[in-house]
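One-letter residues, chain by chain:
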Amino acid sequence: MIQSKLPHWSDRDVSASRPHWEVFVPPENHGIVNLPHDFPMGVRPGMPHDIDEIFNLAIMAHKETGIGDLDKSIIRKIVEKGCYGDNAIFGVIEGPERIEAVIGFRPELRWYMENIPENWHNQDILTYVHPLHRKSTHIMKLFRFAKWWGQQTGLPVLIGLTLAGDSLRKKKLYAMFAREIGVLYMLSGPKSFPPVGVT
């Protein structure tokens, strides 16, 4: 079972510079990773006061590339875990008017794998740039954060890509930062998926 020794944050913590992280990486004998206060430039950790905004971005992301009906209570629970450091993390890019981009991870173990340190990985929860900010370099900052997070935890980072809209451009962009290790195919299911025209 995954456990966490990362202390919950409060808004009071936010005013006192950045909180000092102690992330418990599963399984238990894998040890504790002490994260420094300096996150990659332009990205900060998601905090409790970001929950509503990250939740809304997750809803927007599902409308663009999501499969099936969503359960808002589950999404909110995962967002809360990431913003309280409960065995998950969000990296956010904050602008003057809104959170402009977000990426999130939680540790996972494939169902067929032995529960040993080298089999765990960081799985993305959400990777999303707000539509008003897609001509920015935010996606590059998010990937730098992802790479940094993998180095801090000592676990590989896996990021999924749903091929909707300009899929070729997205694949080329992702390939600048990571190597492709597989492909997802869908048999049957709704013909309307993936959505057309979403960029």
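Definitions and limits used
Residues numbered from 1 in each chain as written. Predicted model: local features only at pLDDT ≥ 70, side-chain atom pairs only at ≥ 80, totals over all residues. Heavy atoms only, no water. Core = buried A, V, L, I, M, F, W, Y, C linked by side-chain atoms within 4.5 Å. Buried < 20%, exposed > 50% of the residue type's maximum accessible area, 1.4 Å probe, protein only. Helix = DSSP H or I, 4+ residues; strand = E, 2+ residues; numbered from the N terminus. Contact = heavy atoms within 4.5 Å. Expected span 1.5 Å × (residues − 1). Patch = residues over 30% accessible without salt bridge, like charges linked within 9 Å, V, L, I, M, F, W, Y side chains within 5 Å. Areas by Shrake-Rupley, 256 points an atom, 1.4 Å probe, with all protein chains shown as cover. Salt bridge = Lys/Arg side-chain N within 4 Å of Asp/Glu carboxyl O. pLDDT = per-residue confidence, 0-100.

Here we look at the nonpolar core
Phase 1: Within the largest apolar cluster, 17 residues are counted, with the highest numbers of intra-cluster contacts made by I89, I103, F105, I139, L142, F145 and W149.
Phase 2: Counting residues per element, the ones that place at least two in this core are strand 4 (89–94), strand 5 (99–109), helix 4 (138–153) and helix 5 (167–175).
Phase 3: The residues touching I139, leaving out its near neighbours within four places in the chain, are T127, V129 and L173.
Phase 4: Judged by nonpolar contacts, the second largest core, of 16 residues, contains F55, L57, I75 and L126.

Here's the deal with helix 4
Phase 1: Taking 1.5 Å of rise per residue, 16 residues should cover 22 Å, and helix 4 covers 23 Å from first to last C-alpha, within 8% of that figure.
Phase 2: Along helix 4, the residues classified as buried are H138, I139, L142, F143, F145, A146, W148, W149, G150 and T153.
Phase 3: Phi for G154, located one or two positions after helix 4, is positive at around 75°.

Let's talk about a nonpolar patch on the surface
Phase 1: Taken together, the side chains of M140, M176 and F177 define a hydrophobic patch exposed on the protein surface, amounting to about 270 Å² of accessible area.
Phase 2: Inspection of the secondary structure assignment puts F177 in the segment after helix 5.
Phase 3: We classify F177 as partly exposed; its relative accessible area is 32%.

Here we look at unusual backbone geometry
Of all residues except glycine, most have a negative phi; of all peptide bonds, most are trans.
Phase 1: Despite not being glycine, N87 shows a phi value in the positive range, around 60°.
Phase 2: Tracing the chain through its elements places N87 in the loop between helix 3 (72–83) and strand 4.

Examining the confidence of the model for the chain
Phase 1: Averaged over every residue, the pLDDT of the chain is 76; the share at 70 or more is 69%.
Phase 2: The least confident element of the chain is helix 1 (residues 11–15), whose mean pLDDT is 35; the most confident is strand 4, at 95.
Phase 3: Note that pLDDT drops below 50 for residues 1–33; the model gives that stretch 83 contacts with residues more than four away or on any other chain.

Examining the environment of C83
Phase 1: When you line up the elements, C83 lands in helix 3.
Phase 2: Sequence-wise, C83 and I54 are 29 residues apart; in three dimensions their C-alpha atoms are separated by 9.1 Å.

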